[in-house]
Amino acid sequence: MTVIFDNLTFEFGKYSSRFRNVSTIHLPELKEGIDRLRQEENISEKFYAEIQSYFHFEVPAVLPTAKSIIIIAVPQKLTLLSFIFNGKNHELVVPPTYIYGEVVDTCKMILGKVLEGTKSRIASAALPKKLLAVRSGLGKYGRNNICYVEGMGSFHRLEAFYTDYLFGEDNWQEKKVMESCNNCFNCEHSCPTKSITTERFLIYAEKCLTRLNENEGNFPQWLSPQSHNALVGCMKCQIVCPENKEFIKAKDKGEVFTEEETEMILKGIPKDELPQELYKKLKRLNMDEYYSVLPRNLSVLIK
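Predicted model only: the values in this text are computed from it and were never measured.

Some remarks on the overall build of the protein chain
- On a plain count of helices and strands, the protein chain comes out with 11 helices and nine strands.
- The C-alpha radius of gyration computed for the protein chain amounts to 20 Å, which stays within 12% of the reference 19 Å derived for 303 residues, consistent with globular compactness.
- Overall, the C-alpha framework of the protein chain stretches about 60 × 45 × 35 Å when taken along its three principal axes.
- Residue burial in the protein chain is summarised as follows: out of 303 residues, 51% are buried.
- Within the protein chain, residue pairs in contact and separated by at least 24 positions form 75% of the contacts whose partners lie at least 6 positions apart.
- Between the averaged position of the 39 positive side-chain charges in the protein chain and that of its 39 negative side-chain charges there is a distance of 3 Å.

Let's talk about the sheet that holds strand β1 (residues 18–23)
- Spatially, the four strands line up as an open sheet ordered β1-β2-β8-β5, and their pairing is antiparallel. The open sheet has two free edges, formed respectively by β1 and β5 (122–124), since each of these has just one partner strand. Across the sheet, the mean angle from the axis of one strand to that of its neighbour is 30°, orientation sign disregarded.
- Sheet topology note: the β1/strand β2 (residues 68–75) ladder contains six bridges and is antiparallel. Counterpart to Ser-23 in the pairing with β2 is Ser-68.
- Relative to the sheet, helix α1 (residues 3–13) contacts β1 and β2, its axis offset from that of β1 by approximately 145°.
- Contacting β1, β2 and β8 (156–163), helix α5 (residues 129–136) runs over the sheet at an angle of about 80° to β8.

Considering the packing of aromatic side chains
- Counted according to the given criterion, the structure contains eight aromatic pairs.
- Ring geometry for Tyr-54 against Phe-55: centres 4.8 Å apart, planes inclined by 85°, an arrangement best described as edge-to-face.
- When its relative accessible area of 18% is taken as the criterion, Phe-55 is described as buried.
- Relative to Tyr-290, the ring of Tyr-98 has its centre 5.5 Å away and its plane inclined at 70°; by these criteria the two rings are edge-to-face. With a gap of 192 residues between them, Tyr-98 in the loop between β4 (88–94) and α4 (101–115) and Tyr-290 in the loop between α10 (276–284) and α11 (294–302) connect regions that are remote in the sequence.
- For Tyr-98, a relative accessible area of 7% translates into the label buried.
- Looking at Tyr-290, the relative accessible area reads 18%, which means it is buried.
- Each member of the aromatic cluster is reached from another via a ring pair, and the members are Phe-5, Phe-12 and Phe-19.
- Here Arg-200 stacks its cationic end above the ring of Tyr-204, 3.7 Å away from the centre of that ring.

Here we look at the nonpolar core
- Counting 32 residues, the largest nonpolar core has Leu-30, Leu-127, Leu-132 and Tyr-162 as its most contacted members.
- When residues of this core are assigned to their parent elements, the largest contribution, four residues, is made by α5.

Considerations on the packing of helix α9 (residues 259–267) against α10
- At a closest axis distance of 11 Å, the pairing of α9 and α10 adopts a crossing angle of 75°. Our classification of the angle between α9 and α10 gives roughly perpendicular. On α10, the residues touching Glu-261, Met-264 and Ile-265 of α9 are Leu-278, Lys-281 and Leu-282.
- The residue makeup of the contact of α9 with α10, split by class, is four nonpolar, no polar and two charged.

Quick look at α10
- Those residues of α10 that sit buried are Leu-278, Lys-281 and Leu-282. Down the axis of α10, the sector holding all buried residues measures 95°, keeping them to one side.
- Of the surrounding secondary structure, the elements contacted by the buried residues of α10 are β9 (251–257), α9 and α11.
- Just beyond α10, the residue with positive phi is Asn-286, at close to 60°.

Topic: unusual backbone geometry
- Despite not being glycine, Asn-145 has its phi angle at roughly 70°, a positive value.
- Inspection of the secondary structure assignment puts Asn-145 in the loop between β6 (139–141) and β7 (147–149).
- Residue Asn-145 is classed as buried on the basis of its relative accessible area of 9%.
- Its identity is not glycine, yet Asn-286 carries a phi of approximately 60°, on the positive side.
- Tracing the sequence through the fold places Asn-286 in the loop between α10 and α11.

Some thoughts on the environment of Glu-277
- Relative to the helices and strands, Glu-277 resides in helix α10.
- Classification of Glu-277 by relative accessible area gives partly exposed; the value is 44%.
- Along the backbone, Glu-277 and Glu-261 are 16 residues apart, and their C-alpha atoms lie at a distance of 9.5 Å.

Some remarks on the pairing of β4
- Sheet analysis places strand β3 (residues 78–85) next to β4, joined by seven bridges and oriented antiparallel. Each residue of the ladder has a partner; that of Leu-81, found in β4, is Leu-92.
- A loop of two residues connects β3 with β4, the two strands running antiparallel in sequence, and Asn-86 in this loop sits at a positive phi of about 55°.

The rules behind each value
Residues numbered from 1 in each chain as written. Predicted model: local features only at pLDDT ≥ 70, side-chain atom pairs only at ≥ 80, totals over all residues. Heavy atoms only, no water. Helix = DSSP H or I, 4+ residues; strand = E, 2+ residues; numbered from the N terminus. Rg over C-alpha atoms; globule rule 2.2 N^0.38 Å. Buried < 20%, exposed > 50% of the residue type's maximum accessible area, 1.4 Å probe, protein only. Contact = heavy atoms within 4.5 Å. Lys, Arg positive; Asp, Glu negative; His and termini not counted. Charge placed at Lys NZ, Arg CZ, Asp CG, Glu CD. Pairing = 2+ DSSP bridges. Axes fitted to C-alpha atoms, helices over the stretch in contact; angles between N-to-C directions. Phe/Tyr/Trp six-rings, centres within 6.5 Å; stacked < 30°, edge-to-face > 60°. Lys NZ or Arg CZ within 6 Å of the ring centre and 35° of its normal. Core = buried A, V, L, I, M, F, W, Y, C linked by side-chain atoms within 4.5 Å. Parallel < 35°, antiparallel > 145°, perpendicular 65-115°, else oblique. Nonpolar A, V, L, I, M, F, W, Y, C, P; charged D, E, K, R; others polar. Arc of directions from axis to C-beta.

Structure follows, in structure tokens:
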């Protein structure tokens, strides 16, 4: 272990966070893992195209000398947002990972502070973070294909960064699945879209409610209205997971949206025409990124 590794461990530990590092030489292996899913027809061409649009498996042009990738897990709670509609307060869930502004700032602050003496730089990494976390040993997969981290369960936010600092140890390893999943089928039984099955480990991502909730368009006719449980994403498989029993009860109270603000969102008022205060609320929650689907998602939950 190096002084840098120890200092990062200490600084991230102040926020109950954990990290691992791997060499950039493994970028082709990360890409091969995704490509193999396509070749074996485990994901559709459409879903593969989506993946290709937001993952980049080369060192970034802003940091061409990057030698290491740092993957970080920061614990997060469920967040409850209040929407006033027809005189009634509706508390709606936002799962962990979606509200991330402070997490990113904290990670950048710690990395900058610790690496400052080495004159090393960092750059954000647009990589499949769950896969990266599992291949680094930071976490393990659950049957629901979600990454679980010791001391956090699935209640965390993953962040990844490139750096031109070369760590003395490379943590790259084979993927691991939690042993507790061997005889547990809670997530499969609770999945509202049956995207988790025993016939294969990989979930049917195209059917997953999280993906449906995050993408524009009408919900498929086969999807039951009773399936909806979060403003974005889905919590069904995580709530019933035994690995999360210590973390499920903790919640953060988020913003309150007035009756007028709720009506504006439901009507789909263009984002650039929203009152400044409402836009700021959405931006603080990183919900401005999902604004195009909020009218639809909010409507099925409160109407």
